[in-house]
Amino acid sequence: MSKKKSIFQLLTEKPWEQDQIEADNEHQGQTVNLTKQKLGLRTLMAASTVLFSLFVVAYSDRMLVHDWRNMPEPWLLWFNTGILVISSLVFHQTTKYAKKQLFDKTKNGLYFIGFLAYSFLIGQLIVWYQLMNTGYYATSNVANAFFYLFTTIHGLHIIGGIYFWGKTTSKFIKRTLKEEEINNLIDICAVYWHFLLAVWLVLFGLMLSS
Amino acid sequence: MSDEYEHKLEAKSDYTGDASSVSTPDIDAVPDAELPDQELYHSHSWWTTYVFSQDAKYIGIQYALTAIGTGLLGLVLSWLMRIQLAWPGLGWLEPSSYYQFVTMHGMIMVVYLLTALFLGGFGNLLIPLMCGARDMAFPYVNMLSYWAFVVAVVVLLASFFVPGGPTGAGWTLYPPQAITAGTPGYNGGIILMLISLILFVAGFTMGGLNYIITVLQLRARGMTLMRMPLTIWGIFTATVLAMFAFPALLVGCLMMTLDSLLGTSFFMPAMVSLGETLTHEGGSPILFQHLFWFFGHPEVYIVALPAFGIVSDLLSVHSRKTIFGYRMMVWAIVGIGALSFFVWAHHMYVSGMNPWFGFFFATTTLIIAVPTAIKVYNWILTLWRGNIVLSLPMLFSLGFIVTFLNGGLTGLFLGNVTVDVPLSDTYFVVAHFHMVMGIAPILVVFGAIYHWYPLVTGRMMNETLGKVHFWITFLGSYAIYFPMHYQGFVGVPRRYFEIYDSPYVDVSTLLLNKFITIAVLIVGAAQLLFLYNLFASARLGKKAEKNPWKANSLEWQTPQMPPEHGNWGKELPKVYRWPYDFSVPGAKEDYIPQTQPPSEIIGAKVEKT
């Protein structure tokens, strides 16, 4: 592969000059040295980051109005956050196992991650149930509405993650893919898990601090 | 131009005759492919071939036909509105239907026609072919993208059949009125509209992922970023914009859906409606406006940038000349894309924001005119001393330049706060945005369809019909929109469903309204000629030779035309140059395709731009 170039270097190339023509003829057709899945995930995470940032902006803007009533943070939310942290750590370890080709450890790691992800979702639903039982409906105050909205959108992202986790795990167990292909998939799932942890920490931090 | 330019090939030979007899294989040498060829999905049944197709070319055609079909509905709606405006005495439309038609016309044209056609249609058709890929990066996701779009369109059209009809809130869907009693479709139509937009965004994100990854990672060997046709640069940058802008629409739609369905107060302030105090409290309608225009302004460029890119290629091919200032064109596309995120509040000058805020956005708006003007100059300089062929794509491209310039100049008026305030919500605004993002991109769409039609069907479209279509459309558009500028200056407000004889309305306005409506009916009917040409030529059209326009870019260099599944036969193409080597001195032909190796064109001296 050609050596790394910054976007500015790429954009200032003069494709009609002889030296550049010779260099360009060697080009392999790839802009960055990443698999298409990895780059695809990064693109999606960028779009998703914009989405969550706009939610944060809307939250911060709406917070300033006098009718804002803060919502209590049930202790269970801390517990759920803990689950998410642990699943991220486990995923990190699992990618290492996968690279060392430790089949059983990787498999157990993947199962445990799935279990944690489902537990997180169930935990979030219990939080919803508790809040609604104590009268914090989405309609009673906009702070509550934001909480339900954030947890739903984040939860949907997690469900999307679970879908790809499921596909990856079944491919891993069936051993249908080549070594580097399956590791690539496990890697991108792990990156996505860390991303969703980061998103959750920002959202949770925002709700705590307001 | 080229005298100070040194060319190494010249040193090897000053021979300009038959190049094939000279064998210099070493200068053609390219390293072996390091990346594996893409695995292709092969369809097995009728369903997976013709309905749930995963071939990008086919998806592109599906996208284009669905978008054009929806756009025709938008066209008919504009007829109905214009008849009402010209002859208010007829009682042709109810006020509520007028507003519903305005809303649906706007939303259909901007999102479901132009965005879907440029990115979904041309993007899918051209990206793999022009980049030299076999297909998109994720064909299955690409197929899902199209079907999400279909469902979005169906949901949108379903709103015509729910009680209360479609929403009449205007395409900007501003709350609180969009979801408050008194606005047509405030409890049924608006929900379907919001759901449809959410589906569209979801579908688009899947498609956009494909466009970005395919352009970045799946190009042919030798195809560097700066050797890509400007069409690809335009579509690629527009896709990046869309990936960042559509989330804002999504956030706005989701929160408004909740306000409407659950009764939350994201955007809804405390208010009294029909004598009753609503349960909403404290919401911020301005927040929605910011979210909407943070999407809405980049959306203008999501439509415009692919048009810029396509028109650059059409001008270059049909004037047999290198595009003037290729790098500047790329920078302008990227620069306009980046700047487009910093101008959104110029749509909100009359929303009561801080004057300094308006000052900031007026400044950024005028700055964005700089790269845009560079593009216009470069198009004109491309034509300068070119061998201009007045083919259909060229006619439409020339029409585009004039129209875009016209719309751009009125944009300079409206970008200034003090000028905008009196002109705001008048027909001047209507004329401005129809010129700049209605007629101009549509002219490019037509030019592009006439240009790439042989690539899709293997046949040419009828030239005479096309010319009739061009002149009626081009002159007709000016007959429609020039008078609207004047109407705006004399203060005719937009969004009024009847403008009748009264002390406040000048008689010229009434006459012009009739004149405009007649022009609209004629221009609209002329599109039937185009549709006939489009469908009939697929069977009756003259058979196209290979590469009928003698273009350089890769899509014309496929082994078969129209290209088959997988595009390239056994061997992927290798690229040796950019796609703008037209009329190169010393070359045998007046074009050198991107795939032609250097040994075949010894002596040709590439011009510097």
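Residues numbered from 1 in each chain as written. Chains lettered and ligands numbered in written order. Predicted model: local features only at pLDDT ≥ 70, side-chain atom pairs only at ≥ 80, totals over all residues.

A. Local environment of the overall build of chain B. Counting secondary structure elements, chain B contains 15 helices and 2 strands. What you see for chain B is a C-alpha radius of gyration of 25 Å, in line with the 25 Å of a compact globule of 609 residues. Counting only C-alpha atoms and orienting by the principal axes, one finds that chain B spans roughly 90 × 50 × 50 Å. Put simply, of all contacts in chain B between residues at least 6 apart along the chain, 80% involve residues at least 24 apart. (Helix = DSSP H or I, 4+ residues; strand = E, 2+ residues; numbered from the N terminus. Rg over C-alpha atoms; globule rule 2.2 N^0.38 Å. Contact = placed C-beta atoms within 7 Å.)

B. Structural context of the overall build of chain A. Counting its regular elements, chain A contains 7 helices and 0 strands. Helices and strands in chain A line up, N terminus first, as α-α-α-α-α-α-α. Relative to a compact globule of 210 residues, whose C-alpha radius of gyration would be 17 Å, chain A shows 22 Å and is clearly more extended. Overall size of chain A, expressed as C-alpha extent along the three principal axes, is 70 × 45 × 20 Å. By the burial criterion, 31% of the 210 residues in chain A qualify as buried. Counting contacts in chain A only where the partners sit at least 6 residues apart, residues at least 24 apart contribute 79% of the total. (Buried ≥ 20, exposed ≤ 12 C-beta atoms within 10 Å, placed from the backbone.)

C. Representation of the environment of Thr115(B). Summarising the element assignment, Thr115(B) is placed in helix 4 (residues 95-131). When residues no more than four places from it in sequence are discounted, the contact partners of Thr115(B) are Val110(B), Ile302(B) and Val303(B).

D. Summary view of the interface of chain B and chain A. Listed per partner, the contact involves 50 residues of chain B and 38 residues of chain A. Elements with a contribution of two residues or more to the side of chain B that touches chain A: helix 6 (189-217), helix 7 (230-261), helix 8 (285-318) and helix 9 (326-339) of chain B. Per-element accounting of the side of chain B that touches chain A gives the leading share, 8 residues, to helix 7 of chain B. Of the residues contributing to the side of chain B that touches chain A, the split by class is 32 nonpolar, 10 polar and 8 charged. (Nonpolar A, V, L, I, M, F, W, Y, C, P; charged D, E, K, R; others polar.)

E. Expanded view of helix 13 (residues 427-457) of chain B. Residues and elements named next belong to chain B. Taken as a whole, helix 13 carries its principal kink of about 40 degrees at histidine 451; the proline proline 454 stands between one and four residues after it. In terms of burial, helix 13 is a largely internal element, 27 of the 31 residues being buried. In the stretch just after helix 13, glycine 458 is the one whose phi turns positive, near 80 degrees. (Bend = angle between axes of the 7 residues up to and from the residue.)

F. Examining unusual backbone geometry more closely. Residue and element names in this part refer to chain B. In this chain, proline 175 is followed by proline 176 through a cis amide linkage whose omega measures 0 degrees. A cis amide bond links methionine 561 with the next residue in sequence, proline 562, at an omega value of -5 degrees. Note on placement: proline 562 falls in the segment after helix 15 (507-540). Of note, the phi angle at lysine 550 is positive, near 55 degrees, even though the residue is not glycine. Here lysine 550 is to be found in the segment after helix 15. Lysine 550 gets classed as partly exposed once you count the C-beta atoms within 10 Å, which come to 16. A positive phi angle, near 50 degrees, is found at serine 583, a position not held by glycine. With respect to the helices and strands, serine 583 occurs in the segment after helix 15.

G. Looking closely at the nonpolar core. Residue and element names in this part refer to chain B. If you look at the biggest cluster of nonpolar residues, it comprises 232 residues, and the most contacted ones within it are Leu117, Cys131, Val251, Leu291, Ala440 and Val444. By residue number, the principal contributor to this core is helix 4, which donates 24 residues. Those residues in contact with leucine 117 that lie beyond four places of it in its chain are Ala64, Ala67, Ile68, Phe122 and Val445. (Core = buried A, V, L, I, M, F, W, Y, C linked by C-beta atoms within 7 Å.)

H. Representation of helix 5 (residues 103-133) of chain A. Here helix 5 of chain A spans 45 Å end to end across 31 residues, near enough to the 45 Å set by a 1.5 Å rise per residue. Tucked inside the fold, the buried residues of helix 5 of chain A contact helix 4 (75-99) and helix 6 (142-174) of chain A. (Expected span 1.5 Å × (residues − 1).)

I. Geometry of the packing of helix 4 of chain B against helix 5 (residues 139-158) of chain B. Residue and element names in this part refer to chain B. With their axes 12 Å apart at the nearest point, helix 4 and helix 5 run at an angle of 160 degrees to one another. The angle between the axes of helix 4 and helix 5 places the two elements in the roughly antiparallel class. At the point where helix 4 passes helix 5, the crossing takes the left-handed sense. Every residue of helix 5 that contacts helix 4 at Tyr112, Ala116, Gly120 and Asn124 is listed here: Asn142, Tyr146, Phe149, Val153 and Leu156. Class assignment for the residues of the contact of helix 4 with helix 5 results in 6 nonpolar, 3 polar and no charged. (Axes fitted to C-alpha atoms, helices over the stretch in contact; angles between N-to-C directions. Parallel < 35°, antiparallel > 145°, perpendicular 65-115°, else oblique. Left-handed = near helix turned anticlockwise from the far one by under 90°.)

J. Expanded view of the packing of helix 4 of chain A against helix 7 (residues 179-209) of chain A. Residue and element names in this part refer to chain A. The interhelical angle for the contact between helix 4 and helix 7, taken along N-to-C directions, is 160 degrees, at an axis separation of 9 Å. Here helix 7 runs roughly antiparallel to helix 4, going by the angle between their axes. Note on packing geometry: the crossing formed by helix 4 with helix 7 is left-handed. Along its contact with helix 4, which presents Leu77, Thr81, Leu84, Val85, Ser87, Ser88, Phe91, His92, Thr94, Thr95, Ala98 and Lys99, the element helix 7 presents Asn183, Ile186, Asp187, Ala190, Trp193, His194, Leu197, Trp200 and Phe204. Of the residues that constitute the contact of helix 4 with helix 7, the class distribution is 11 nonpolar, 8 polar and 2 charged.

K. Inspection of the confidence of the model for chain B at higher detail. Residues and elements named next belong to chain B. Averaged over all residues, the pLDDT of chain B is 91; the fraction at 70 or higher stands at 95%. Segment residues 1-23: pLDDT under 50, and 30 contacts once partners within four positions in sequence are set aside and those in other chains are kept. Interface confidence in the predicted complex, given as ipTM, is 0.94; pTM for the same model is 0.93. (pLDDT = per-residue confidence, 0-100.)

L. Quick peek at the environment of Ala169(B). Residues and elements named next belong to chain B. By the secondary structure assignment, alanine 169 is in the loop between helix 5 and helix 6. C-alpha separation for the pair alanine 169 and isoleucine 190, spaced 21 residues apart in sequence, amounts to 8.2 Å. Discounting chain neighbours no more than four positions away, the residues touching alanine 169 are Thr103, Tyr174, Gln177, Ala178, Thr183 and Ile190.

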